[in-house]
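What follows is each chain in one-letter form.
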Amino acid sequence: MDLLCPPGGGMKQNYLSIDDIMMSSEKIPSTFLVSVKTLGYLDPSTNKKDIEVGSKLDLPLWLALSLAHPRKKFVTVELTKPYKATYREILKADAGVVNLYKLCPYYYALGQQQLSLNHAEGILVARSLILAFSDRFRRIMDLSGNAIGGDNSSLIQQFDEVERRLFALGQKSLQSFQRWEVGESRTLRTSELVSRHRKRKREAVD
Amino acid sequence: MEHSEMEFIAEKQKVKIVPNFSMSKIYFISGEVGPFQPGLPTEVPFWLAISLRQRQKCVIHPPDWLTIERLEEIKEAETTTELFTPLPNTHFREMCQLLLTHAKPNIQNADAVRTLVKDIWDIRAAKLRSSSDKFIRVQAGHARIDNLTLMEINIARPFLLASLDHLHTLRTSKQFTKKTRNKEY
């Protein structure tokens, strides 16, 4: 499990990571500053041939990032909803109860990516991400260190992808400890590979 | 690291045994053990002690801290202070586990001892959890924690490291770095 490079963590994007691909296809509301010839079909709300100046479109993050480049700006972008002041206030009040996954499965990563688009509120978003995680940390830690076996999906449904990964890490070390404690790791077991071996054993042939 | 590997490392610790056979010194790469004389106590590594014990060749003498009185003291100290108290051994949990499985008949009140060990462990685990929460919450850059045993570090490591790593990516986002860069120029 590669947590060291979380989906789009900061500016180090991870080209082949499926998480990164999923994250970068989230839609960003953008407004065109230039008109674009013959691409009118991208905007389902009109039948016009061209995209006109000032028309609004939801572009995927990967496209918005390059079109909103500060040096050759074709579009201006807005913050997506879950990062706006209203949601920031909710997170500030009590981040622990918010269902981040519902807001965006890659909440932290998408937030970070949008920071590079130079929103005026950027610094506020960045701060709110840090505070939200520090607030939620205790709950993730307690759950991952104490949930034993069974179905965990109800526990982690409020966690975003990175938090789910942290949860899984904590679970792994808890399980390893429990296996050791009951002495299960001391007994030698047949390897999965050997027990599933389809070929006939020599003694069976003789 | 797997916890069974931690146990493997802990088995290098020395423990006192009273053999019931005689044998000359054994020479290992890590040092020599013995000689063994029936009834004469000698110090051997844990793994050897366990192996001899399983063949009924020796009696293991539990370390002097594995008594109810001593553990009660430790537990008392652990509950009263906010910091971690030094444990008698860095492999505290592994040693207790090994001794309680393999040398149970040689430990007085083994069951009470087991409960105490578990109590101490739980108190410390709770402390570790609340202190790492505090550490994250106040956005501290570094923290110093003394007297943790290896097992505790090993349990906390994967989760805590990954969390701090995540927090680090959040903290080093462009917004913050740009601000500091502006200050420099």
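Residues numbered from 1 in each chain as written. Chains lettered and ligands numbered in written order. Predicted model: local features only at pLDDT ≥ 70, side-chain atom pairs only at ≥ 80, totals over all residues. Heavy atoms only, no water.

Naming follows an unreviewed UniProt entry, where chain B appears as DNA replication complex GINS protein PSF2 of Ciona intestinalis. UniProt's Subunit (unreviewed entry) comment on chain B is quoted here verbatim: "Component of the GINS complex." Under the Sequence similarities (unreviewed entry) heading, UniProt states for chain B: "Belongs to the GINS2/PSF2 family." (UniProt positions renumbered as here; feature names shortened; annotations may be inferred.)

If you check an unreviewed UniProt entry, chain A appears there as DNA replication complex GINS protein PSF3 from Ciona intestinalis. On record in UniProt, under Subunit (unreviewed entry), the comment for chain A is "Component of the GINS complex." Recorded in UniProt under Sequence similarities (unreviewed entry), the annotation for chain A is "Belongs to the GINS3/PSF3 family."

Observations regarding the overall build of chain B
Of regular secondary structure, chain B possesses seven helices and five strands. The helix and strand sequence of chain B, counted from the amino end, reads α-β-β-β-β-α-β-α-α-α-α-α. Expressed along its principal axes, the backbone C-alpha trace of chain B runs to roughly 80 × 40 × 20 Å. Going through the 185 residues of chain B one by one, you find that 40% of them count as buried. Within chain B, contacts between residues at least 6 apart in sequence are counted, and of these 67% link residues at least 24 apart. (Helix = DSSP H or I, 4+ residues; strand = E, 2+ residues; numbered from the N terminus. Buried < 20%, exposed > 50% of the residue type's maximum accessible area, 1.4 Å probe, protein only. Contact = heavy atoms within 4.5 Å.)

A closer look at the interface of chain B and chain A
In many analyses, interface size is given as the accessible surface area lost on bringing the parts together. On the chain A side, the residues contacting the 37 residues of chain B number 39 residues. At the junction of chain B and chain A, the tally comes to five salt bridges. Between Asp-135 of chain A and Arg-137 of chain B there is a salt bridge whose closest N-O contact spans 2.9 Å. Applying the counting rule to chain B against chain A returns ten residue pairs in polar contact (both at pLDDT 80 or more). Element by element, the count of residues in the side of chain B that touches chain A is highest for helix α6 (residues 150–171) of chain B, at 13 residues. Residue composition of the side of chain B that touches chain A, grouped by class: eleven nonpolar, 13 polar and 13 charged. (Salt bridge = Lys/Arg side-chain N within 4 Å of Asp/Glu carboxyl O. Polar contact = N/O pair within 3.5 Å; in protein donor to acceptor, adjacent residues only side chain to side chain. Nonpolar A, V, L, I, M, F, W, Y, C, P; charged D, E, K, R; others polar.)

Describing the UniProt feature "domain: DNA replication complex GINS protein PSF2 N-terminal" (unreviewed entry) in chain B
Listed under "domain: DNA replication complex GINS protein PSF2 N-terminal" (unreviewed entry) in the UniProt record, and renumbered for this structure, are residues 3–60 of chain B. Within the segment residues 3–60 of chain B, helix and strand shares are 29% and 33% respectively, and the terminal C-alpha atoms sit 24 Å apart.

Describing the nonpolar core
Tyr-83 and Phe-133 of chain A are the most contacted members of the largest nonpolar core, which totals 47 residues. At the level of secondary structure, the elements contributing two or more residues to this core comprise β1 (27–32), β2 (56–60), α2 (61–67), β3 (75–77), α5 (107–115), α6 (122–146) and α7 (161–181) of chain A together with α6 of chain B. A total of ten residues in this core trace back to one element, the largest contributor, which is α6 of chain A. Ignoring any residue separated from it by four or fewer positions in sequence, one finds Phe-133 of chain A in contact with Tyr-108, Ile-140, Glu-163 and Leu-166 of chain A together with Ser-163, His-166, Leu-167 and Leu-170 of chain B. Ranked by size, the runner-up nonpolar core spans 32 residues in total, among them Phe-21, Ile-26, Leu-71 and Leu-116 of chain B. (Core = buried A, V, L, I, M, F, W, Y, C linked by side-chain atoms within 4.5 Å.)

A look at the confidence of the model for chain A
Residues and elements named next belong to chain A. On average, chain A scores 79 in pLDDT, and the residues at 70 or more come to 89%. Note that pLDDT drops below 50 for residues 1–5; the model gives that stretch 13 contacts with residues more than four away or on any other chain. Counting interchain partners and residues more than four positions distant, the pLDDT-below-50 stretch residues 7–11 has 16 contacts. (pLDDT = per-residue confidence, 0-100.)

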